[in-house]
10 protein chains.
Amino acid sequence: MLFLARMDVQFPSHLSPEDVTRMQGLEKEYSQALQQKGRLTSIWRVVGEYANYSVFDVASNDELHGVLSGFPMYPYMKIKVTPLAKHPNSVR
Amino acid sequence: MLFLARMDVQFPSHLSPEDVTRMQGLEKEYSQALQQKGRLTSIWRVVGEYANYSVFDVASNDELHGVLSGFPMYPYMKIKVTPLAKHPNSVR
Amino acid sequence: MLFLARMDVQFPSHLSPEDVTRMQGLEKEYSQALQQKGRLTSIWRVVGEYANYSVFDVASNDELHGVLSGFPMYPYMKIKVTPLAKHPNSVR
Amino acid sequence: MLFLARMDVQFPSHLSPEDVTRMQGLEKEYSQALQQKGRLTSIWRVVGEYANYSVFDVASNDELHGVLSGFPMYPYMKIKVTPLAKHPNSVR
Amino acid sequence: MLFLARMDVQFPSHLSPEDVTRMQGLEKEYSQALQQKGRLTSIWRVVGEYANYSVFDVASNDELHGVLSGFPMYPYMKIKVTPLAKHPNSVR
Amino acid sequence: MLFLARMDVQFPSHLSPEDVTRMQGLEKEYSQALQQKGRLTSIWRVVGEYANYSVFDVASNDELHGVLSGFPMYPYMKIKVTPLAKHPNSVR
Amino acid sequence: MLFLARMDVQFPSHLSPEDVTRMQGLEKEYSQALQQKGRLTSIWRVVGEYANYSVFDVASNDELHGVLSGFPMYPYMKIKVTPLAKHPNSVR
Amino acid sequence: MLFLARMDVQFPSHLSPEDVTRMQGLEKEYSQALQQKGRLTSIWRVVGEYANYSVFDVASNDELHGVLSGFPMYPYMKIKVTPLAKHPNSVR
Amino acid sequence: MLFLARMDVQFPSHLSPEDVTRMQGLEKEYSQALQQKGRLTSIWRVVGEYANYSVFDVASNDELHGVLSGFPMYPYMKIKVTPLAKHPNSVR
Amino acid sequence: MLFLARMDVQFPSHLSPEDVTRMQGLEKEYSQALQQKGRLTSIWRVVGEYANYSVFDVASNDELHGVLSGFPMYPYMKIKVTPLAKHPNSVR
């Protein structure tokens, strides 16, 4: 079951550059593990913004919320989720 | 080069049901040809709306505009395009 | 799996009062069948608006889109869907 | 008498993690007491957001404002209330 | 129990001037009956707009929806309702 | 001459609880004096929000700005003013 | 007492060009009479739009609503009114 | 050549009251000099807001940007500029 | 003096395809004449939309409004104008 | 391939004036190098705002994101990108 998420990152100004770098490292690990498990099937950078569009493949809304709230940078992200269904014109 | 498009369909009330059905048939053909050529890599229905999110893979903005304006239902669609770049956390 | 939907109805002006009444009758049947099957667990009128908030319980996004697009008044409704997860403070 | 509320939480950055944890504990107690008294009939997490949709059953607007402003995290929540009426298609 | 409503009127272009005048007459009667019964305690014109702000005093959300949907011009109005509570600084 | 104002309060995070309490006390005095003079004819709490809707009765725009900017909490309020006129259906 | 109004014109498509021309003629007369009486102190075209910003000088909200609703093109205008007060830095 | 500007002031919370007072003094001088030179032909307070609408008369966009960015409080203002043209109904 | 304009086209449904084609022909002539005279220095299609961004070089706001309102398709366009000034980092 | 970007600058309040000046110097160098390489073909100041509209000429979305995220003031800018295509009426 697929969901599109737009995720915008905004770090509070009190975070040190080291905190930011460390969190970005944890974020990369978490994101890549999700991709390897097939939970996160695509992730793209929005050109010119500290934001991404991602496609998640999960079994339920609860699983999706668990996946999203597990992102190390979750407290600093504004996320909007759109549920997706099969499109009648899709060849897949 | 990838672009995300959200496409919302709104038919004017003067179109007959036959016109609509015919146009949906042409739309399906056009969409599936684009998918077979690899120009349209994904298309999903937005749950509960006459709208889709689609991912296009094209060589240029001009090509993308040609592809989009070629949709048979283009005059009845409101389209918003977001350019996508590679995300540093993507494993692909 | 629960989803909240806000559904706003707007009939085009060319519909006759008879068409509207007939469609509202079909809508009621469809809605009550969904409630009896447990797919639609709550439906409330938004005070002062031709709109409702509804809670759907379905197994997948595809099922939800099928349910929503099956409403007799679907062509005349603007629907916004919000996926819901279990809240940690909920006693249920 | 039912009301739907969307409640978005945003903690100011000067709160310590301990303050946040303590407040979340108080919030849970308060929320569950409201549920046991039947004032709060449903509470759901919005997937991907620090937000909830809740349904309140109260005797008056004044009671509702008292209930909402009594939440321990009330100073850190943005709340939007929608009054609900019985829907003619509801079987309940 | 008080509610503030903003009501914006928009007649469809197919209504004849006679229909409009007739409906405005019915609206006036309905509105004044509500005022005499104390259900509608204030109604003001928004300067420069075909719109009003009104204060309703009703016993429940269901009663309010009944009152609002009973306006002869209800099909041509966009209504937004805000529930009001006693303000701690109010001398009344 | 009547005006409707929506007033939303937001205290900056550097204010101490004592400052807030003191300002709320001054606000109450100021508000009640305005009510006794007939300048502020109604004030209601918006349910679930640190906001109010108020009706002012003043002789001019300049007087209204003086009244509003004199609120002790004026620097912490976002105010939107709507000029009101007599409604043709009003019985008053 | 001054008010700024932004007025956007939108004619319904069923008006004939003759109706439009005739109404624009009546509008000009009305507008210029208001200017000669000092009720309308300035009127400017918004560049690129069928819209204007106007400054009205009236004795009350009721007078302003009368002036605005008297425009021949009032049924085809969307008007937003902002009450103005003397600015402390103004030399006038 | 005329332009309408809406200017909203928001001081950051770290400014001391003395800084604010000093800047307001400089602002007044600058504003009145502009008025005496005929560059700023009107300035009005928006009732209830720390904002103004101003009309500027300048020879070019570059001159206008110079005038606006020269305001002592420019770093703390959000400005929106609307170019104005002669209105066909204006008697001036 | 430069201005950026975003122009969105929307034809009313009662225009025949012939009317549209004829108007697009007139539009092209007008647009190209403006380009040859140097009044319109750039015009780009917004990808996926019946809209353009254009840069105009004119001597005054009045000239710009004349140029814009002279477009054959002006009655069917929504135009938003942004005045531009020289940027300090520009090498031109 | 052309893209229009609107870039709004907002410095956090903890930056010292020296930091700001230094960053503006680096920004100028970076911007002018981009212009000399033909990647940034136009940059204009939005009158009255700390913002610009810029036109970029790049070979791909990835190149554009690299160019934009390389701006020294990138962390303090909100950027919105619009892909542009050739306009049929353009003489270039």
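Residues numbered from 1 in each chain as written. Chains lettered and ligands numbered in written order. Predicted model: local features only at pLDDT ≥ 70, side-chain atom pairs only at ≥ 80, totals over all residues. Heavy atoms only, no water.

J.: Requested: an account of the packing of aromatic side chains, with residues and values cited.
T.: All chains considered together, the criterion is met by 40 aromatic pairs over all chains. Residues Y30(B) and F71(B) carry aromatic rings whose centres are separated by 4.8 Å and whose planes lie at 65° to one another, so their mutual orientation is edge-to-face. Placement of Y30(B) in helix α1 (residues 17–36) and of F71(B) in the loop between α2 (61–69) and β4 (77–86) is noted, with a sequence separation of 41 residues between them. Assessed through its relative accessible area of 23%, Y30(B) is described here as partly exposed. Note on F71(B): relative accessible area 4%, which makes it buried. Here the aromatic cluster, defined as three or more aromatic residues joined through ring pairs, consists of F11(A), Y50(A) and Y76(A). (Phe/Tyr/Trp six-rings, centres within 6.5 Å; stacked < 30°, edge-to-face > 60°. Helix = DSSP H or I, 4+ residues; strand = E, 2+ residues; numbered from the N terminus. Buried < 20%, exposed > 50% of the residue type's maximum accessible area, 1.4 Å probe, protein only.)

J.: Break down the sheet that holds strand β3 (residues 51–57) of chain D for me, citing the residues and quoting the values.
T.: In space, the 8 strands of this closed barrel follow the order β1(C)-β3(C)-β2(C)-β4(D)-β1(D)-β3(D)-β2(D)-β4(C), with antiparallel pairing throughout. On average, each strand axis in the sheet is inclined to that of its neighbour by 35°, with strand direction left out of account. Inspection of the sheet shows strand β1 (residues 2–9) of chain D paired to β3(D) by 7 bridges, in the antiparallel sense. Of the residues in β3(D), the one forming a bridge with R6(D) is Y53(D). Of the strands in this sheet, β1 (2–9) and β4 (77–86) of chain C together with β2 (40–46) of chain D are in contact with helix α2 (residues 61–69) of chain A, which crosses β4(C) at around 70°. With respect to the sheet, helix α1 (residues 17–36) of chain D is in contact with β2, β3 and β4 (77–86) of chain D, its orientation differing from that of β2(D) by roughly 135°. (Pairing = 2+ DSSP bridges. Axes fitted to C-alpha atoms, helices over the stretch in contact; angles between N-to-C directions. Contact = heavy atoms within 4.5 Å.)

J.: Give me the lowdown on the arrangement of the chains, citing residues and values where you can.
T.: The two partners chain D and chain G share no contact, and the minimum distance between any of their C-alpha atoms is 25 Å. Nowhere do chain C and chain I come into contact; their C-alpha atoms are at least 15 Å apart.

J.: Would you mind going over the relation of the copies chain A and chain B in detail, with residue names and values included?
T.: At an RMSD of 0.0 Å, chain A and chain B line up after a rotation of 180° and a shift of 0.0 Å along the axis. Interpreted geometrically, this transformation is the action of a two-fold axis. When the interface residues of chain A are mapped onto chain B, 100% of them again fall at the interface, so both copies present the same face. (Least-squares fit on C-alpha atoms with pLDDT ≥ 70 in both.)

J.: For the sheet that holds strand β4 (residues 77–86) of chain E, give the residues involved together with the corresponding values.
T.: Around the barrel, 8 strands lie side by side as β1(E)-β3(E)-β2(E)-β4(F)-β1(F)-β3(F)-β2(F)-β4(E); this closed barrel has antiparallel pairing. Each adjacent strand pair in this sheet contributes to an overall mean axis angle of 35°, direction not counted. Strand direction decides the pairing type here: strand β1 (residues 2–9) of chain E and β4(E), joined by 7 bridges, are antiparallel. Within β4(E), the position partnered with R6(E) by the bridge is K80(E). Helix-sheet contacts for helix α2 (residues 61–69) of chain D involve β1 and β4 of chain E together with β2 (40–46) of chain F, and the interaxial angle to β4(E) is about 70°. In this fold helix α1 (residues 17–36) of chain F packs onto β2, β3 (51–57) and β4 (77–86) of chain F, with an angle of close to 135° to the strand it touches most, β2(F).

J.: Would you mind going over the interface of chain J and chain A in detail, with residue names and values included?
T.: The interface is formed by 9 residues belonging to chain J together with 8 residues belonging to chain A. Note on chain J versus chain A: buried area summed over both sides is about 620 Å², and carbon and sulfur give 56% of it. One can count 1 salt bridge joining chain J with chain A. K80(J) is paired through a salt bridge with E49(A); the nearest N and O atoms lie 3.2 Å apart. Our count for the contact surface shared by chain J and chain A stands at 2 residue pairs in polar contact (both at pLDDT 80 or more). (Buried area = accessible area lost by both parts, 1.4 Å probe. Salt bridge = Lys/Arg side-chain N within 4 Å of Asp/Glu carboxyl O. Polar contact = N/O pair within 3.5 Å; in protein donor to acceptor, adjacent residues only side chain to side chain.)

J.: Let's hear about the pattern of salt bridges: which residues, and what values?
T.: Applying the stated criterion to the full structure yields 50 salt bridges over all chains. Between D8(C) and R6(C) there is a salt bridge; the shortest N-O distance is 2.9 Å. One network of salt bridges, with partners in common, ties together R6(A), D8(A), E49(A) and K80(J).

J.: Describe α2(B), with residues and values.
T.: Buried within α2(B) we find N61(B), L64(B), H65(B), V67(B) and L68(B). Viewed along the axis of α2(B), the buried residues span an arc of 160°, placing them on a single side of the element. (Arc of directions from axis to C-beta.)

J.: So what's going on with the side chain of E27(A)? Which residues, and what values?
T.: Within the fold, E27(A) resides in helix α1 (residues 17–36). Buried and unpaired, E27(A) has R45(A) as its nearest opposite-charge partner, separated by 8.9 Å. At a separation of 2.9 Å, a polar atom in the side chain of E27(A) contacts the main-chain amide nitrogen of M73(A). With residues near it in sequence (within four places) discarded, E27(A) still touches F71(A), P72(A), M73(A), M77(A) and N89(B). (Lys, Arg positive; Asp, Glu negative; His and termini not counted.)

J.: Lay out the side chain of N52(F) with the relevant residues and their values.
T.: Within the secondary structure layout, N52(F) lies in strand β3. If we ignore the near neighbours within four places in the chain, the residues touching N52(F) are H87(E), A5(F), R6(F), M7(F), I43(F), W44(F), R45(F) and V46(F).

J.: Just give me the short version of the relation of the copies chain J and chain A, but keep the residues and values in it.
T.: For the pair chain J and chain A, the best superposition has an RMSD of 0.0 Å and corresponds to a rotation of 72° with a translation of 0.0 Å parallel to the axis. Those values place the two copies in the arrangement expected of a five-fold rotation axis.

J.: Please provide a residue-by-residue account of the interface of chain A and chain B, values included.
T.: The interface is formed by 29 residues belonging to chain A together with 29 residues belonging to chain B. For the pairing of chain A and chain B, the buried interface totals around 2600 Å² over both sides, and the portion due to carbon and sulfur atoms is 60%. In terms of surface lost to chain B, no three residues of chain A exceed W44(A), R45(A) and N89(A), which account for 24% of the buried area on that side. In this structure, the connection of chain A to chain B is made through 0 salt bridges. Viewed at the interface, chain B and chain A are joined by 16 residue pairs in polar contact (both at pLDDT 80 or more). Elements that contribute at least two residues to the side of chain A that touches chain B include exactly β1 (2–9), α1, β2 (40–46), β3 (51–57) and β4 (77–86) of chain A. Sheet topology places β2(A) next to β4(B); 3 bridges connect them, and they run antiparallel. Note that in β4(B) the partner of W44(A) across the bridge is K86(B).

J.: So what's going on with α1(B)? Which residues, and what values?
T.: Residue and element names in this part refer to chain B. If you check α1, its first and last C-alpha atoms are 29 Å apart, about what 20 residues at 1.5 Å a residue would give, namely 28 Å. Taken together, the buried positions of α1 are V20, M23, E27, S31, L34 and Q35. All buried residues of α1 fall inside an arc of 105° around its axis, so they share one side. Exposed residues lying more than 90 degrees from the buried face of α1 are E18, T21, E29 and Q36. Lining the buried residues of α1 we find β2 (40–46), β3 (51–57), α2 and β4. Positive backbone phi, at 80°, marks G38, one or two positions downstream of α1. (Expected span 1.5 Å × (residues − 1).)

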